[in-house]
Amino acid sequence: MTETPEEQGWATAKTLAEALPYIQRYDRETVVIKYGGHAMGEESVARLFAADAVLLKLLGLHPVVVHGGGPQISRMLNKAGVKSTFIDGLRVTDEATMEVAEMVLSGAINKEIANWITLAGAEADVRGVGLSGKDARLITVRKVERTKIDPDSNIEKAVDLGFVGEPTRIDPQLIQGLISADHDYIPVIAPIGVSEEGQTYNINADTVAGALAGALKAKRMLLLTDVTGVLGADGELIREMSVTQARDAIATGVASGGMIPKLETAIAAVESGVEAVVILDGRRPHAMLVELFTEHGAGTLITR
């Protein structure tokens, strides 16, 4: 039997009333959202994400968005005829690649997300503000150093990944100014940083989100990915795990592939002062709302 419009209205009101304790829990708290994966490439899903970010702001939270863009960079490099080289799954970023990466991340993707947020929040005048780590020296980096064992000599050798950096210092003043301003702004950060000497570097977006969440002492960091969360050895979703259990999952091989760096980011964020990190499926509409405002949650919660 289908619900009448009146019954649907009462059901919506009941849902809103049930969300009250959770809305109060996050009132004026900062939530850092890492937005990436395939959802970024689908405009309809991206627009829903933008609308949910606006809703978080209007409900009294301070959302800060950090985005990736690996697939979009690959497509643009192919168009430009720039060949990519990978070492152990990590893209080597030479000068030509860095130029394209910055154009795609700081230009196309960053401004598109900020614009979608502004459009979604037009009625209440909530505005997205697109930034990168180069703005106001938000993210200072050093060059990433990696080594690998040479299979012939069995000697550990340095691997040069080019212009790939890792954060050494986050200066959150600009972000804090935006989130506490009288006007409703939602910062959107591209994972680009600068060295002490002023050289531009590409940074892993998960790493940026974790470092920024720690610097802002965020209540939550949401890692929106292409999977439901961390799966146990039985293939079932692990709803909650401590930092110790997260480390065990990596050590025992329960977590593998792309889940390992996500768990490492979550561990680092929690240890730097973030109350909890959630790894959840960003392809599902309203996943952030389910996680923050219902008792069921979504994905895997990592805490101390």
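Conventions adopted
- Residues numbered from 1 in each chain as written.
- Predicted model: local features only at pLDDT ≥ 70, side-chain atom pairs only at ≥ 80, totals over all residues.
- Heavy atoms only, no water.
- Core = buried A, V, L, I, M, F, W, Y, C linked by side-chain atoms within 4.5 Å.
- Buried < 20%, exposed > 50% of the residue type's maximum accessible area, 1.4 Å probe, protein only.
- Helix = DSSP H or I, 4+ residues; strand = E, 2+ residues; numbered from the N terminus.
- Contact = heavy atoms within 4.5 Å.
- Pairing = 2+ DSSP bridges.
- Axes fitted to C-alpha atoms, helices over the stretch in contact; angles between N-to-C directions.
- 1 Å grid on protein atoms, 1.4 Å probe; cavity = no way out; pocket = protein on both sides within 12 Å on 5 of 7 lines; lining within 4 Å.
- Points joined across faces, edges and corners; volume = space filled by probe spheres on them.
- Nonpolar A, V, L, I, M, F, W, Y, C, P; charged D, E, K, R; others polar.
- Parallel < 35°, antiparallel > 145°, perpendicular 65-115°, else oblique.
- Left-handed = near helix turned anticlockwise from the far one by under 90°.

**Student:** I would appreciate a short explanation of the nonpolar core in the present structure.
**Tutor:** A general tendency of soluble globular proteins is for nonpolar side chains to be buried together. Residues Ile33, Tyr35, Leu56, Leu222 and Phe293 are the most contacted members of the largest nonpolar core, which totals 46 residues. The biggest single contributor to this core is helix H4 (residues 95-120), with 10 residues. Beyond its immediate sequence surroundings of up to four residues, Leu222 is in contact with Val31, Val32, Ile33, Lys34, Val278, Leu280, Met288, Glu291 and Leu292. Judged by nonpolar contacts, the second largest core, of 39 residues, contains Val129, Ala269, Val270 and Val277.

**Student:** What exactly am I supposed to notice about the sheet that holds strand E14 (residues 240-242) here?
**Tutor:** Through backbone hydrogen bonds, the strands of a sheet pair up, either in parallel or in antiparallel fashion. Reading across from one edge, E5-E10-E2-E1-E13-E15-E16-E14 is the order of the eight strands in this open sheet, with mixed pairing throughout. Either end of the sheet is taken by a strand with one partner, and the two such strands are strand E5 (126-132) and E14. Taken over all neighbouring pairs, the strand axes of this sheet differ in orientation by 20° on average, direction set aside. Note: strand E1 (residues 30-35) against strand E2 (residues 62-67), six bridges, orientation parallel. Paired with Thr30 across the bridge in E2 is His62. Its contacts with the sheet put helix H6 (residues 205-215) on E1, E2, strand E10 (184-190) and strand E13 (220-225), and the angle it makes with E2 is roughly 155°. Helix H8 (residues 259-271) rests against E13, E14, strand E15 (276-281) and strand E16 (300-303) of the sheet, and its axis sits at about 155° to E15.

**Student:** Before we go on, may I ask you to explain empty space enclosed by the protein in this structure?
**Tutor:** Sizing a probe to match a water molecule and rolling it over the atoms shows the empty space that remains. Across all of its chains, the model carries one cavity of 30 Å³ or more by this definition. Put simply, the largest cavity is a space of about 110 Å³. Along the walls of the largest cavity sit 13 residues, with Phe49, Asp52, Gly282, Arg284 and His286 positioned nearest its centre. Breaking the lining of the largest cavity down by element, the ones donating at least two residues are helix H2 (43-58) and helix H9 (287-293). Top element by residues in the lining of the largest cavity is H2. It accounts for four residues. Looking at the lining of the largest cavity residue by residue, the class counts come to nine nonpolar, two polar and two charged.

**Student:** Just checking my understanding: could you explain unusual backbone geometry for this structure?
**Tutor:** Peptide bonds are, in most cases, trans, and in most cases residues other than glycine have a negative phi. Its identity as a non-glycine residue notwithstanding, Arg28 has a phi of 60°, on the positive side. By the element assignment, Arg28 lies in the loop between helix H1 (5-25) and E1. In this structure Arg28 comes out as exposed when scored by relative accessible area, which is 64%. Residues other than glycine seldom take positive phi values, yet Lys217 does so here, at roughly 50°.

**Student:** What is the right way to read the packing of H6 against H8 from this model?
**Tutor:** What describes two packed helices is the angle between their axes and the distance between those same axes. The N-to-C vectors of H6 and H8 enclose an angle of 10°; their axes lie 9 Å apart at closest approach. Considering the angle they form, H6 stands roughly parallel to H8. Where H6 crosses over H8, the two elements pack in a sense that is right-handed. Taking contact as the criterion, the partners of Asp206, Thr207 and Gly210 in H6 are, on H8, Lys262, Thr265 and Ala269. Its residues assigned to classes, the contact of H6 with H8 comprises one nonpolar, three polar and two charged.

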